[in-house]
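So the chains spell out like this:
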Amino acid sequence: MKTLVLAALGECVHVAGLMKIRSLAEQAGWNVEFLGPAVDTTSVIQAAKSHHADMVGVSYRLTPETGERLLAEFAEQADGLRDAGVRFAFGGTPPVVEKARKIGFFEASFDGTEPVEQVIAYLRGESEQSGEKSIPPQNMPDRRKWKTPYPLFRHHFGLPTMKDTVEGIKKIAEAGILDVISLGIDQDAQENFFHPEKQLLRRKGAGGVPVRSADDYRRLYQASRRGNHPIMRTYSGTDDFIALAEMYRETINICWAAVPLYWFNRMDGRGPWDLEGSIKEHQELMAWYGEQDIPVEANEAHHWGMRDASDEIFVTSAYLAAYQAKKFGVKDHIVQMMFNSPPGTADVMDVAKMEAVKQMVNRLAEPGFRIWLQTRTGLLSYPLDEDLARGHLAASVYLQMAVKPDIVHVVGYSEADHAAIPEEVIASVKIARQAAANAIAGQPNMLADPRITERKEELVAESELLLQAIQALGEHSDDPLSDAHTLAQAVSTGLMDAPQLNNNPFARGALVTRIDERGACVPVDPQTGQPITTKERITSVQSRRLA
């Protein structure tokens, strides 16, 4: 194991930065000898010799002019060690780092503005100089491993013109803090990309960037080839699914696909397919992505939550989506966990719901089917006031870290008012990164709260009952939980339901929910408004079906 000696040099007593480096270095596999604050040059050199140091890291955070003289003296006395192969790095305030770089002694200098992954890469030996920016891995699983212990950060981005989106992607990539750019494309690009005759000029740019050719996608991807080279993904579309998927692979090296089970069709008005037909199409799309070894995100449970479905339906839909992914050959499955949905859900109940999702989907995990967790802030939960929204973003991401996500989908603080521009994307990601860093540094164990354990177990039991009821619909199927007709029946009968599906041609829309005194979203009796159990609700649905 390599040894790193750390010290605050001279009269400097500021060691917070060194403590952070110590933690990162230990995670990167270093044996760290921390000498503490205000260490004189002779003591640092003696410690480096006695500990057979491979690297020495010193810091100084006081007056730049004083620091320059001190560092010059240190460089002179330590030059022999450097000649013997010991590496030297420096950390300080930007003005002191500027002085340190002019001396030319240190192989790397850090002023605290560097993305944490750049520091980790340096400690792992993945870049020789702090000024060099090696290209991070360009697929999700490897980039997540490279980023450990920090999650990947993702943000949605797409403006109404190609020019603005290209320039925005450049700014975001150059900021070096976002790992995944999710291209927001307009509705015609999602539904009518291969059917220009169906596109309407008045809809151009509605909801995102108006990509109209493969070259447009190539331009967007090329714009990201700078800074920290973020990986890229986009919508799976609402028609011509595999043709779009093939183009995405060739043009933007799509890092993962988001494939729903029940959505993006005529049921939610976002695609041309009927419910059962779209389920079959989405299953085939999962199979295609599985053959290409491209991960698939479950673009599913949060759509139920956004329509005020009860918590056990949220959990059940997450399991059903993961079940399809495994059944149809996906090897890396990303579980989407939207917090704060429905708005008003209590934090403690939110964590319990996500822990129930984890417990259910992890039953499916095996070496050939890996589960990755992605959290996000509820889109509908943001206040309009930007200051309040910033606070909500920070608090939500800190809460999300309790479930140890692999990916944090940052929802910009501006989203209640408008789609984020590049500066707002960058600011939002900075807020999220700081909240995550605070949590990683020592978040209390929220999962020890008995209310979370109790609600999680309750939701798992309720979801099992709901899955059994869905399986009973497919008595003539070898595998009801992957049978498109059975899955569609689960919606048409009302087993899978949501209040906002009222008057829907494919769904019952009979479910009534409310946030109870615990802060959980539960089904209630439409007449009395009193909570009912999942068993009671299932019995009511089955009785109505048999009547």
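Cut-offs used in this document
Throughout, residues of each chain are indexed from 1 in the direction in which the sequence is written. pLDDT decides what is reported in this predicted model: residues at 70 or higher carry local features, side-chain atom pairs at 80 or more are listed and counted, and totals for whole chains, interfaces and linings draw on all residues regardless. Hydrogens and waters are ignored; side-chain quantities use all the structure's heavy atoms. By this definition, two strands are paired if DSSP reports at least two bridges between them. Going along the chain from the N terminus, every DSSP run of H or I of four or more residues is numbered as a helix, and every run of E of two or more is numbered as a strand. Where helices are involved, their axes are fitted lines through C-alpha atoms of the stretch in contact, as for all axes, and angles between N-to-C directions lie from 0 to 180°. Contact between two residues is taken to exist if any of their heavy atoms lie within 4.5 Å; hydrogens are not considered. Exposure is judged per residue with a 1.4 Å probe applied to protein chains only, and the accessible area is read against the type maximum: over 50% gives exposed, under 20% gives buried, and values in between give partly exposed. Residues adjacent in sequence count toward polar contacts only when both atoms are side-chain atoms; beyond that, a polar contact is any pair of N or O atoms within 3.5 Å, and within protein one must be able to donate a hydrogen and the other to accept it. Grid points spaced at 1 Å and placed over the protein atoms alone form the basis of the search, with a cavity being a set where a 1.4 Å probe fits but cannot get out and a pocket an open set showing protein on both sides within 12 Å along at least five of seven lines. Lining residues have an atom within 4 Å of a point. Grid points are joined across faces, edges and corners, and a volume is the space filled by probe spheres set on the points. The residue classification treats Ala, Val, Leu, Ile, Met, Phe, Trp, Tyr, Cys and Pro as nonpolar and Asp, Glu, Lys and Arg as charged. All others, Gly included, are polar. In this scheme Phe, Tyr and Trp rings, the latter by its six-membered ring, pair at centre separations within 6.5 Å, and the angle between planes marks the pair as stacked below 30 degrees, edge-to-face above 60, and tilted otherwise. Criterion for a charge above a ring: Arg CZ or Lys NZ at most 6 Å from the ring centre, at most 35 degrees from the ring normal. What a helix should span is 1.5 Å times the count of its residues minus one. Confidence scores labelled pLDDT are given residue by residue by the predictor and lie between 0 and 100.

A. Spotlight on the sheet that holds strand β7 (residues 180-183). Spatially, β8-β7-β6-β13-β12-β11-β10-β9 is the arrangement adopted by the eight strands of the open sheet, whose pairing is parallel. Two strands in the sheet have a free side with no partner beyond their single neighbour: β8 (231-234) and β9 (257-259). Across this sheet, the average inter-strand angle for adjacent strands is 30 degrees, counted without regard to direction. Where strand β12 (residues 370-376) meets strand β13 (residues 407-410), three bridges bridge the pair, whose relative direction is parallel. Paired with R376 across the bridge in β13 is H409. Here helix α7 (residues 162-175) sits on the sheet and contacts β6 (152-157), β7 and β8; the angle it forms with β6, its principal contact strand, is near 160 degrees.

B. Local environment of the side chain of S428. Counting through the fold element by element, S428 comes out in helix α16 (residues 422-440). You can call S428 buried: its relative accessible area is 0%. Within polar-contact distance, the side chain of S428 engages the backbone oxygen of E424 at 2.8 Å. Here S428 is in contact with H155, L393, V410, G412 and Y413, once residues within four sequence places are set aside.

C. Molecular detail of empty space enclosed by the protein. Inspection of the entire model under this criterion finds one cavity of 30 Å³ or more. Taken together, Q190, Y235, S236, G237, T238, A258, P260, F264 and N299 make up the full set of residues lining the largest cavity. Class assignment of the residues belonging to the lining of the largest cavity gives a composition of four nonpolar, five polar and no charged.

D. Seen up close, the packing of aromatic side chains. Per the counting criterion, the structure on display carries 14 aromatic pairs. Ring centres of Y217 and Y248 lie 5.5 Å apart, and the angle between their planes is 65 degrees; this geometry places the pair in the edge-to-face category. Here Y248 lies in helix α10 (residues 241-251) and Y217 lies in helix α9 (residues 214-223), a separation of 31 residues in the sequence. Of the two residues, Y217 and Y248, both sit in the buried class. Measuring from centroid to centroid gives 6.1 Å for Y319 and Y323, while their planes differ by 40 degrees, and the two rings are tilted. Of this pair, Y319 and Y323 both sit in helix α13 (residues 311-327), four residues apart, roughly one helical turn. In this structure, Y319 and Y323 share a single accessibility class: buried. Through a chain of ring-to-ring contacts, the aromatic side chains of F74, F88, F90, F105 and F106 assemble into a single cluster. The cationic tip of K353 hangs over the ring face of F314; the distance from NZ or CZ to the ring centre is 4.3 Å.

E. View of unusual backbone geometry. Along the chain, T148 connects to P149 via a cis peptide bond; the corresponding omega equals 10 degrees. If you trace the backbone, P149 turns up in the loop between α6 (140-147) and β6. In the segment running from S341 into P342, the intervening peptide bond is cis, with an omega of 0 degrees. Here P342 shows up in the loop between β11 (332-338) and α14 (347-361). Within the chain, H229 stands out as a residue other than glycine whose phi angle is a positive 45 degrees. Locating H229 in the fold gives a position in the loop between α9 and β8. Classification of H229 as buried rests on a relative accessible area of 14%.

F. View of helix α11 (residues 275-291). Given a rise of 1.5 Å per residue, 17 residues ought to cover 24 Å, and the 25 Å separating the end C-alpha atoms of α11 matches this to within 8%. Burial in α11 covers these residues: L275, G277, S278, I279, H282, Q283, L285, M286, W288, Y289 and G290. Where the residues of α11 are buried, they touch α10, β9, β10 (296-298), α13 and α18 (484-492). The opening residue of α11, the one whose side-chain oxygen lies 2.7 Å from the backbone nitrogen of G277, is D274. Positive backbone phi, at 60 degrees, marks D293, one or two positions downstream of α11.

G. Structural context of the environment of I407. By secondary structure assignment, the location of I407 is in strand β13. Along the primary structure I407 and A28 are separated by 379 residues, whereas in three dimensions their C-alpha atoms are 20 Å apart.

H. Up close: the confidence of the model for the chain. Looking at the chain, the pLDDT average stands at 94 and 98% of residues meet or exceed 70. Low pLDDT (under 50) marks residues 128-132, which in the prediction has 11 contacts with non-local residues, meaning those over four places away or in another chain.

I. Spatial organisation of the sheet that holds strand β1 (residues 3-8). Taken together, five strands build an open sheet; the order of strands is β2-β1-β3-β4-β5 and the sheet is parallel. Every interior strand has two partners, whereas the edge strands, β2 (31-34) and β5 (108-110), have only one. If you compare each strand with its neighbour and ignore which way they point, the axes differ by 20 degrees on average. Pairing analysis gives six bridges linking strand β3 (residues 55-60) to strand β4 (residues 87-92), with the strands arranged parallel. Directly across from S59, in β4, lies its bridge partner G91.

J. Spatial organisation of the pairing of β13. Residue alternation in β13 divides its side chains into two sets, I407 and H409 and V408 and V410, and both sets are buried. Bridge analysis of β6 against β13 gives four bridges, and the strand direction is parallel. Each bridged residue has a counterpart across the sheet, and for R154 the counterpart in β13 is H409.

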